[in-house]
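Structural description and commentary
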Amino acid sequence: MSEMEKITIENIVASTSLAEHLDLSKIALALEGSEYEPEQFPGLIYRLKEPKTAVLIFRSGKVNCTGAKNLENVKKTIDIIIEKLKKASIEVYDNPDIIVHNIVAVYDLESDLNLTDIAMSLGLENVEYEPEQFPGLVYRVEEPKVVLLLFGSGKVVCTGAKEESEIEQAVIKVKKELQKVGLI
């Protein structure tokens, strides 16, 4: 089993632009169940059940998508929004570029970790470990530029990745570093 097969993506945050300008009041009427309270938040919130995602739509035409667990569901979500808006006679772009901003994933090293020893061995310039403040060790990986949160249970949360391959690279890198110093 490859490392990527053991990695579980929990959330992808992505954005796109659907138009130069959008009338959110009109969209609020078109998207049943949407939430739009401009005095509290400038964007319209719309949640999909399938795929289980949420989008924030702004007057500027920008759209943020969260909650997807794979890139196909990000695309599917944006396509559904485009289809619903077009049905309501709201002009939007076809096939807009989608930019991934953050992928959050979980991995299990399948071994208990001594975070104090790891903090010492990984080098203090890339590590934050203050168990009184937070139970995990924060490890900032330079290449790929991601942040790994390591927990005593052996669970690792990876955040900041823009591509799935970056998660795999970071996991392989931290495993090698910990094996090299005998900590897993």
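Located above this text is the structure these notes cover.
A few points on the structure. (Residues numbered from 1 in each chain as written. Predicted model: local features only at pLDDT ≥ 70, side-chain atom pairs only at ≥ 80, totals over all residues. Heavy atoms only, no water.)

The next thing to look at is the sheet that holds strand β6 (residues 127-128). Pairing in this open sheet of nine strands is antiparallel, and the strands run β2-β3-β4-β1-β5-β9-β8-β7-β6 from one edge to the other. The sheet is open, and its two borders are formed by β2 (44-48) and β6, each paired with just one other strand. Bridging between strand β7 (residues 137-141) and strand β8 (residues 146-150) involves five bridges; their strand directions are antiparallel. Bridging from a neighbouring strand, Tyr139 pairs with Leu148 of β8. (Pairing = 2+ DSSP bridges. Helix = DSSP H or I, 4+ residues; strand = E, 2+ residues; numbered from the N terminus.)

Turning our eyes to something else, we now look at helix α5 (residues 164-180). Here α5 spans 25 Å end to end across 17 residues, near enough to the 24 Å set by a 1.5 Å rise per residue. Residues of α5 that are buried include every one of Glu166, Ile167, Ala170, Val171, Val174, Lys175 and Leu178, and no others. Within α5, the buried residues cover an arc of 165 degrees as seen down the axis, which keeps them to one side. Residues of α5 that are exposed and point more than 90 degrees away from the buried face comprise Lys176 and Lys180. Immediately downstream of α5, the backbone of Gly182 shows phi near 70 degrees, a positive value. (Expected span 1.5 Å × (residues − 1). Buried < 20%, exposed > 50% of the residue type's maximum accessible area, 1.4 Å probe, protein only. Arc of directions from axis to C-beta.)

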